[in-house]
Amino acid sequence: MQLRDASFLVVDVETTGLSPDEHRITEIAMVRVENGEIRDHFQTLVNPEQFIPPFITSHTGITNAMVFGKPTFAEIAPELERFMQASPEAVLVGHNVSFDHGFLARSLERAGRSLTLPTSDDAEHLLCTCRLARRLLPKLERKSLKHVQDHFGIKNSRQHRAFADAEAVVDVERLLLHAVVAPRDAAVGEHAVAVEQQQLHGGEAAVEIGGGCHARAPGRGWAVVRRPPRRWAWS
């Protein structure tokens, strides 16, 4: 499969804390990217059915009053599942995707459902832009979403709100993948999953993708556009 043909579900969740078992989602956003374009999105505040601590409110701006009367996760789960099932082969993307994936999976489990992602070699289709940034931006001191988007000149006026952050991750992913794979070599094999590590081989930059598949591009001459169009220009 060509990278330009891959579909992505970019997810961001805001929560009452860090533990998927003890804490709950307060806001979720998911953006569908197909053929290099944003096609659709899902976004909602969620009643976590537990108190949002003041330090979380200071971080996200989401108050207890904002989620009062909003649907619970169990109530939004059917619509969320339908949204995800519209792209059954999509790669789930996030900045520190294990955090979003963990809360999403546990929340669906509590709602009597399950998170089913396509797999290759028993590995789920996940892509973490934070891990990509660690390998591709080694001189950037911090790899938080804010620091990476500031590095690329990406504007985000609603930091730590789910939809704004998900849109920022879409732009970060676009720029990082352009830095990984030259457009004419943007091939992803049948085992394509998350980018695991960057290595150097004989003057070429090689990135291992999932179950042993590799994408290579010349180590020199890559150009990163700091303010990309909303459409991904793979070719």
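About the criteria used
- Residues numbered from 1 in each chain as written.
- Predicted model: local features only at pLDDT ≥ 70, side-chain atom pairs only at ≥ 80, totals over all residues.
- Heavy atoms only, no water.
- Helix = DSSP H or I, 4+ residues; strand = E, 2+ residues; numbered from the N terminus.
- Buried < 20%, exposed > 50% of the residue type's maximum accessible area, 1.4 Å probe, protein only.
- Salt bridge = Lys/Arg side-chain N within 4 Å of Asp/Glu carboxyl O.
- Phe/Tyr/Trp six-rings, centres within 6.5 Å; stacked < 30°, edge-to-face > 60°.
- Lys NZ or Arg CZ within 6 Å of the ring centre and 35° of its normal.
- Pairing = 2+ DSSP bridges.
- Expected span 1.5 Å × (residues − 1).
- Bend = angle between axes of the 7 residues up to and from the residue.
- Contact = heavy atoms within 4.5 Å.

Engineer: Please set out unusual backbone geometry residue by residue, giving values where relevant.
Structural biologist: The phi torsion of most residues other than glycine is negative, and most of the peptide bonds are trans. For Glu 49, which is not a glycine, the phi torsion comes out positive at approximately 60 degrees. Structurally, Glu 49 can be placed in the loop between strand E3 (37–45) and helix H1 (54–60). On the basis of relative accessibility, which here comes to 65%, the residue Glu 49 falls in the exposed class. One non-glycine residue with positive phi stands out, namely His 160, at about 70 degrees. Summarising the element assignment, His 160 is placed in the loop between helix H6 (145–152) and helix H7 (162–180).

Engineer: Any details on the pattern of salt bridges? Residues and values, ideally.
Structural biologist: Evaluation of the coordinates by the stated rule reveals nine salt bridges. A salt bridge links Asp 40 to Arg 32, with the nearest nitrogen and oxygen atoms 3.6 Å apart. Among the residues examined, Asp 40 registers a relative accessible area of 36% and is labelled partly exposed. With relative accessibility at 7%, the residue Arg 32 sits in the buried group. Among the ionic pairs, Asp 150 bridges to Lys 146, the shortest N-O distance being 2.8 Å.

Engineer: Give me the packing of aromatic side chains: which residues, what numbers.
Structural biologist: As enumerated under the stated definition, the model contains two aromatic pairs in all. The interplanar angle of 45 degrees and the centroid separation of 6.1 Å between the aromatic rings of Phe 42 and Phe 83 together place this pair among those described as tilted. Of this pair, Phe 42 sits in strand E3 while Phe 83 is found in helix H3 (residues 73–85), placing the two residues 41 residues apart along the sequence. Phe 42 sits in the buried class, given a relative accessible area of 6%. Taking relative accessible area as the criterion, Phe 83 reaches 8% and is therefore assigned buried. Ring centres 4.9 Å apart and planes at 50 degrees place the aromatic pair Phe 99 and Phe 103 in the tilted group. With Phe 99 and Phe 103 both in helix H4 (residues 97–110) and four residues apart, this pair spans about one turn of that helix. It is Arg 32 that lies over the ring of Phe 83; its NZ or CZ is 4.1 Å from the centre.

Engineer: Before we move on, can you summarise the pairing of E3 with the specific residues and values?
Structural biologist: One ladder, built from eight bridges, connects strand E2 (residues 25–34) with E3; its direction is antiparallel. In the sheet register, Glu 34 faces E3, and the bridge partner there is Glu 37. Linking E2 to E3, which pair antiparallel, is a turn of two residues; within it Asn 35 sits at a positive phi near 50 degrees.

Engineer: Now, about H3: what can you tell me, with residues and values included?
Structural biologist: Compared with the 18 Å implied by 1.5 Å per residue over 13 residues, the 17 Å span of H3 between its first and last C-alpha is a close match. The largest bend along H3 measures about 30 degrees and falls at Glu 79. Phe 73, Ile 76, Ala 77, Leu 80, Glu 81, Phe 83 and Met 84 are the residues of H3 that are buried. For H3, the secondary structure elements touched by its buried residues are strand E1 (7–15), E2, E3 and H4.

Engineer: Just give me the short version of the side chain of Ser 7, but keep the residues and values in it.
Structural biologist: Along the chain, Ser 7 falls in strand E1. The buried category is assigned to Ser 7, whose relative accessible area is 16%. Residue contacts for Ser 7: discarding those within four places in its chain leaves Val 33, Glu 34, Ser 87, Glu 89, Ala 90 and Val 91.

Engineer: Lay out the pairing of strand E4 (residues 91–94) with the relevant residues and their values.
Structural biologist: Going residue by residue along E4, you find Val 91 and Val 93 tucked away on one face and Leu 92 and Gly 94 tucked away on the opposite face as well. For E1 and E4, the ladder comprises three bridges, and the chain directions are parallel. By the bridge assignment for E4, Phe 8 is matched with Val 91.

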